[in-house]
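Structural overview for review
Each chain, letter by letter, is given below.
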Amino acid sequence: MKRTIIITGGAGFIGSHVVRLFVNKYPDYLIVNLDALTYAGNLENLRDIDGSPNYVFEKANIQDTAAIDAVFEKYSPDGILHLAAESHVDRSIMSPMDFVYTNVIGTVNLLNTAKKYWGPDYSGKKFYHISTDEVFGALGSTGFFTEETAYDPNSPYSASKAASDHFVRAYGETYGLPVVVTNCSNNYGPNHFPEKLIPLFINNIINGKPLPVYGDGLYTRDWLYVKDHARAIDTVYHHGKTGETYNIGGFNEWKNIDLVKLLCRLMDEKFGREAGSSEKLITYVKDRPGHDRRYAIDATKISKELGWKPSVTFEEGLALTIDWYLSNAEWLQHVTSGTYMQYYDTQYAKR
Ligand code: NAD
Ligand code: TYD
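Nothing here was measured: the structure is a model prediction, and the numbers come from that model. (Residues numbered from 1 in each chain as written. Chains lettered and ligands numbered in written order. Predicted model: local features only at pLDDT ≥ 70, side-chain atom pairs only at ≥ 80, totals over all residues. Heavy atoms only, no water.)

**Thoughts on unusual backbone geometry**
Going from Gly119 to Pro120, the amide bond is cis rather than trans, its omega being -5°. By the secondary structure assignment, Pro120 is in the loop between α4 (96-118) and β5 (126-132). The backbone phi angle of Ser76 is positive, close to 45°, even though this residue is not glycine. We note that Phe251 has phi near 50°; this positive angle belongs to a residue other than glycine. Along the chain, Phe251 turns up in the loop between β10 (245-248) and β11 (253-255). (Helix = DSSP H or I, 4+ residues; strand = E, 2+ residues; numbered from the N terminus.)

Printed below as a string of structure tokens:
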């Protein structure tokens, strides 16, 4: 094999698309998927590539130093794509310490292991940390996040990601670890766990359940199709400059309520239901505490320097996403049973 790459969080939403892209596109790379299989990790996401000769799965928790060391010892990786994280803002409000343990301590553990096995020479190595635009905090009605925007996180999730970004940067500066960081906007697409807005609402429309819109519904997010994020990660891993950060976004801002109405319209068309049927499910509920009003990414740098841009429009991406959920009822049924239902009942009980 030409290269060995560890992808952490490869059984999750974005990670599974990155694993699939790398396994299929680079048959001469060995791809090691390192994942603890938390509630959000699901090997069903990777059934199609499971038997590939250049793919292996290692169940390990990034908080466990000995386990991470053992994986490095076994595979002598050239690179890490680090996606493993606790990723849901509402859960971070309920249980912030889980986010500190995985996102902060887990990331520092990985950095220490990389430093121990790769240093002090580091030639040919790369530690690529995948982060979020939420570290920049909230925008007013105008402006964009650039790579120069100061960090200003508001939720326990974004604070933990901000802390991990700072540690990655510090290991680059202090120890010379070859690091690169990207900050991406909200992803959507197949395999998205149905606790986040788009898959939750698709699932609720399928089941005729209320669509709980937080606050006034005028919060704004920039949405990117997950496969376009995976393509961006491939581009940055191979062509991004060491020590740099890149913002990744969809040039695609939507107010939540407008997005929900579009989703309702597309689902009504899919099901051949009378126009307006799904919109009747919209229910305004109590707002999320510390809710960031608006995110918007200026992705000029990655576009100009590395030639990446999104490949699908939002309407195309949403249609592909809805089709995926409708033809993967079994996947949806598996991930919405058991412990997920306990979370759902707690999160939405009092709203
Ligand atoms: P996800 O929650 O779907 O998946 C996370 C994966 O990490 C799961 O497979 C889980 O089992 C694994 N994991 C969690 N804790 C672990 C631990 N302690 N040790 C090993 N594995 C562990 O998350 P996602 O939405 O795919 O996000 C992936 C990464 O991308 C995260 O770092 C997230 O912050 C970042 N990101 C996400 C978005 C988004 O819109 N989802 C946008 C920008 C950046
Ligand atoms: P989410 O998918 O949780 O992503 P993030 O908080 O990381 O941006 O939420 C996207 C937006 O949708 C955010 O403004 C919160 C809102 N939202 C709701 O209105 N209702 C819901 O049930 C959820 C999960 C989110």
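Once you've had a look at it, read on.
**Comments concerning empty space enclosed by the protein**
Sizing a probe to match a water molecule and rolling it over the atoms shows the empty space that remains. Tallied over the full model, the rule gives one cavity of 30 Å³ or more. What the largest cavity holds in volume is close to 50 Å³. Lining the largest cavity are Val89, Glu134, Ser155, Arg221, Arg288, Pro289, Gly290, His291, Asp292 and Tyr295. Of the residues assigned to the lining of the largest cavity, the class counts are three nonpolar, three polar and four charged. (1 Å grid on protein atoms, 1.4 Å probe; cavity = no way out; pocket = protein on both sides within 12 Å on 5 of 7 lines; lining within 4 Å. Points joined across faces, edges and corners; volume = space filled by probe spheres on them. Nonpolar A, V, L, I, M, F, W, Y, C, P; charged D, E, K, R; others polar.)

**So, the side chain of Lys126**
Structurally, Lys126 can be placed in strand β5. Look at Lys126: it is buried, it has no salt bridge, and the nearest opposite charge is Asp234 at 10 Å. In contact with Lys126, not counting residues within four places along its chain, are Asp78, Gly79, Ile80, Trp118, Pro178, Val180, Val236, Tyr237, Gly240 and Thr242. (Buried < 20%, exposed > 50% of the residue type's maximum accessible area, 1.4 Å probe, protein only. Lys, Arg positive; Asp, Glu negative; His and termini not counted. Salt bridge = Lys/Arg side-chain N within 4 Å of Asp/Glu carboxyl O. Contact = heavy atoms within 4.5 Å.)

**With respect to the pattern of salt bridges**
By the definition in use, this model includes 15 salt bridges. Here Asp234 makes a salt bridge to Lys25, at a shortest N to O gap of 2.5 Å. Pair noted here: Asp234 is in helix α7 (residues 226-239) and Lys25 is in helix α1 (residues 13-25), with a separation of 209 residues, a long-range link. Here Arg294 and Glu253 are joined by a salt bridge, their closest N and O atoms 2.8 Å apart. Of this pair, Arg294 sits in the loop between β12 (282-285) and α9 (300-306) while Glu253 is found in strand β11, placing the two residues 41 residues apart along the sequence. Judged by its relative accessible area of 35%, Glu253 is partly exposed.

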